[in-house]
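Residue-level listing of the chains:
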Amino acid sequence: MSAEKRPLPEGTGVSDDGFTSHVIPVRHFFGTRSTPAGLHTHIQLGHIVSGPKEFPAIVSLKQIHSTRVVVIHTHRGLGALEQAEGDALVTNQPETLVVVRTADCVPVLLVEKARGVVAAIHAGWRGAVAGIVAETIRACVDEFGAKPEHMHLAIGPSIGPCCYEVDEQVLNPLRSRYPTWPGVLQETKEGKGVLDLKQLIYHQIRAGGVPDSQIGRVDHCTHCRDDLFYSYRREGQVNGTMCSGIILPAA
Ligand SMILES: [Zn+2]
């Protein structure tokens, strides 16, 4: 992968599937334009037709920038739920790869190993401001008895503050719903600001009770790194999406 030409963000690794975070103790990846190869193609088309052998079950959703969390309690086959709407998947099922697709929005992966729970979250500004991260943490707690203090979460590649100017449409709900957390928003001129979406999500995870040492991030900007990522804002249209996923090992 061409990422190896430049130093990786601290706490980040690279696997055949994409970037990884050192805080997550199970198999996971934040995909790039080119990885994971087989999976990428099939999910990008909106349907999961087949998948690599090592992923007997792959589940993804029709993402709608909501706070809707879909919980999977029983084994589901390949491509299950792909017409279901939502922006986070939670499961306690082993060998079930939960996947989200992004191209500037933030992919967030979660594991609570003691209870055997994983989650994948798609968080753009709408979902993040509305609270998709807190809803997902709550679903892990309510449905499976997971504990925030035992959770590990990694925040994946997304558009960075270097490239993300926002206007009142984003500023207003952000100001009214959250405290002025450090590093989240820099107001630049009347009605404009620069948003660090990863930082907002970091603070939301901390507010959910997860210890700082258990939160990782892959600090690449999808807009800056066109060698690695699709970017909706850079390209002005959806040319493709990156797949990010997490899977519990066989029980
Ligand atoms: Zn950038």
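Here, the structure is the one placed above.
**Q** What am I meant to see in the overall build of the chain here?
**A** Along the backbone of the chain there are six helices and 15 strands. Scored against the burial criterion, the 251 residues of the chain give a buried share of 55%. If you take every contact in the chain between residues at least 6 apart in sequence, the share linking residues at least 24 apart comes to 63%. Here the chain displays about 10,700 Å² of accessible surface, and carbon together with sulfur accounts for 48% of that area.

**Q** I tried to follow the coordination of the zinc ion on my own but got confused; where do I start?
**A** Think of it this way: four donors in a tetrahedron around the metal ideally sit 109.5 degrees apart, and six in an octahedron ideally sit 90 or 180 degrees apart. For the zinc ion, every protein donor is listed as Cys162 (SG), Cys163 (SG), Cys221 (SG) and Cys224 (SG), and the spread of their distances is 2.2 to 2.3 Å. Considering all four donor atoms around the zinc ion, the spread of angles at the metal, 104 to 114°, places the coordination shape in the tetrahedral class. The sequence pattern formed by the donor residues of the zinc ion is C-C-x57-C-x2-C.

**Q** What exactly am I supposed to notice about the pairing of strand S10 (residues 151–155) here?
**A** On any regular strand, side chains alternate: one points to one face of the sheet, the next to the other face. With four of five residues buried, S10 lies mostly within the body of the structure. Bridge analysis of strand S8 (residues 106–112) against S10 gives five bridges, and the strand direction is antiparallel. Paired with Leu110 across the two strands is Leu153, which belongs to S10. Here S10 runs beside strand S14 (residues 215–217); their pairing, made up of three bridges, is parallel. Following the sheet pairing, Ala154 is matched in S14 by Gly216.

**Q** Help me understand the nonpolar core in this model?
**A** When a protein is soluble and globular, its nonpolar side chains tend to lie buried together. The biggest cluster of nonpolar side chains holds 41 residues, and the ones touching the most others in it are Cys140, Met151, Leu195, Leu197, Leu200, Ile201 and Ile205. The set of elements that each furnish at least two residues to this core consists of strand S6 (88–91), S8, strand S9 (117–123), helix H2 (125–130), helix H3 (132–144), S10, helix H4 (168–177) and helix H5 (197–207). When residues in this core are grouped by element, the largest group, six residues, is from H3. Residues in contact with Ile205, not counting those within four places in the same chain, are Val108, Val133, Ile137, Leu153, Ile155, Val210 and Ile215. In this structure, Val23, Val98, Leu109 and Ala120 belong to the second largest nonpolar core, which totals 25 residues.

**Q** Before we go on, may I ask you to explain H5 in this structure?
**A** One full turn of an α-helix is made of 3.6 residues, so residues set three or four places apart face in the same direction. Counting buried positions along H5 gives nine out of 11 residues, so the element sits mostly inside the fold. By the N-cap criterion, in which a side-chain oxygen at the helix start approaches the backbone nitrogen of a residue two or three places on, H5 is capped by Asp196, the distance to Lys198 being 3.2 Å.

**Q** Explain the pattern of salt bridges to me, please; I cannot follow it from the model alone.
**A** Opposite charge on two side chains lets them pair, provided their charged atoms get close. This model, assessed by the stated rule, comprises 10 salt bridges. The salt bridge involving Arg217 is made with Asp219; its shortest N-O contact spans 3.3 Å. We classify Asp219 as partly exposed; its relative accessible area is 43%. Each of Arg33, Arg234 and Glu235 takes part in salt bridges that share partners, so that together they form one network.

**Q** Can you help me understand the sheet that holds S10 in this one?
**A** Two strands in a sheet stick together by hydrogen bonds in their backbones, pointing the same way (parallel) or opposite ways (antiparallel). Reading across the sheet, the six strands line up as S5-S6-S9-S8-S10-S14 and stay open at both edges, with mixed pairing between neighbours. Looking at the sheet topology across the chains shown, the edges are occupied by strand S5 (69–72) and S14. This sheet shows a mean twist of 15° between the axes of neighbouring strands, independent of strand direction. Taken together, the four bridges between S6 and S9 define a ladder with antiparallel strand orientation. Across the sheet, residue Ala88 finds its bridge partner in S9, namely Ile121.

**Q** Which parts of the structure should I look at to understand the environment of Val118?
**A** Examined against the element boundaries, Val118 turns out to sit in strand S9. With 21 residues separating them in the primary sequence, Val118 and Leu97 have C-alpha atoms 9.2 Å apart.

**Q** Looking at this structure, I do not really get the layout of surface pockets. What am I missing?
**A** Over the atoms, a rolling probe the size of a water molecule traces out where space has been left empty. Taken as a whole, the largest pocket spans an internal volume of roughly 530 Å³. Taken together, 18 residues form the lining of the largest pocket, with His65, Ala103, Asp104, Cys105 and Tyr232 sitting closest to its centre. For the lining of the largest pocket, the secondary structure elements donating two or more residues are strand S7 (96–102), H2 and helix H6 (232–235). Along the lines of polarity and charge, the residues of the lining of the largest pocket split into eight nonpolar, six polar and four charged.

Conventions we followed
Residues numbered from 1 in each chain as written. Predicted model: local features only at pLDDT ≥ 70, side-chain atom pairs only at ≥ 80, totals over all residues. Heavy atoms only, no water. Helix = DSSP H or I, 4+ residues; strand = E, 2+ residues; numbered from the N terminus. Buried < 20%, exposed > 50% of the residue type's maximum accessible area, 1.4 Å probe, protein only. Contact = heavy atoms within 4.5 Å. Areas by Shrake-Rupley, 256 points an atom, 1.4 Å probe, with all protein chains shown as cover. Donors = N, O, S within 2.8 Å, 3.2 Å for Na, K, Ca; no water. Tetrahedral: all angles 85-135°; square planar, octahedral: opposite > 155°, others 65-115°. Pairing = 2+ DSSP bridges. Core = buried A, V, L, I, M, F, W, Y, C linked by side-chain atoms within 4.5 Å. Polar contact = N/O pair within 3.5 Å; in protein donor to acceptor, adjacent residues only side chain to side chain. Salt bridge = Lys/Arg side-chain N within 4 Å of Asp/Glu carboxyl O. Axes fitted to C-alpha atoms, helices over the stretch in contact; angles between N-to-C directions. 1 Å grid on protein atoms, 1.4 Å probe; cavity = no way out; pocket = protein on both sides within 12 Å on 5 of 7 lines; lining within 4 Å. Points joined across faces, edges and corners; volume = space filled by probe spheres on them. Nonpolar A, V, L, I, M, F, W, Y, C, P; charged D, E, K, R; others polar.

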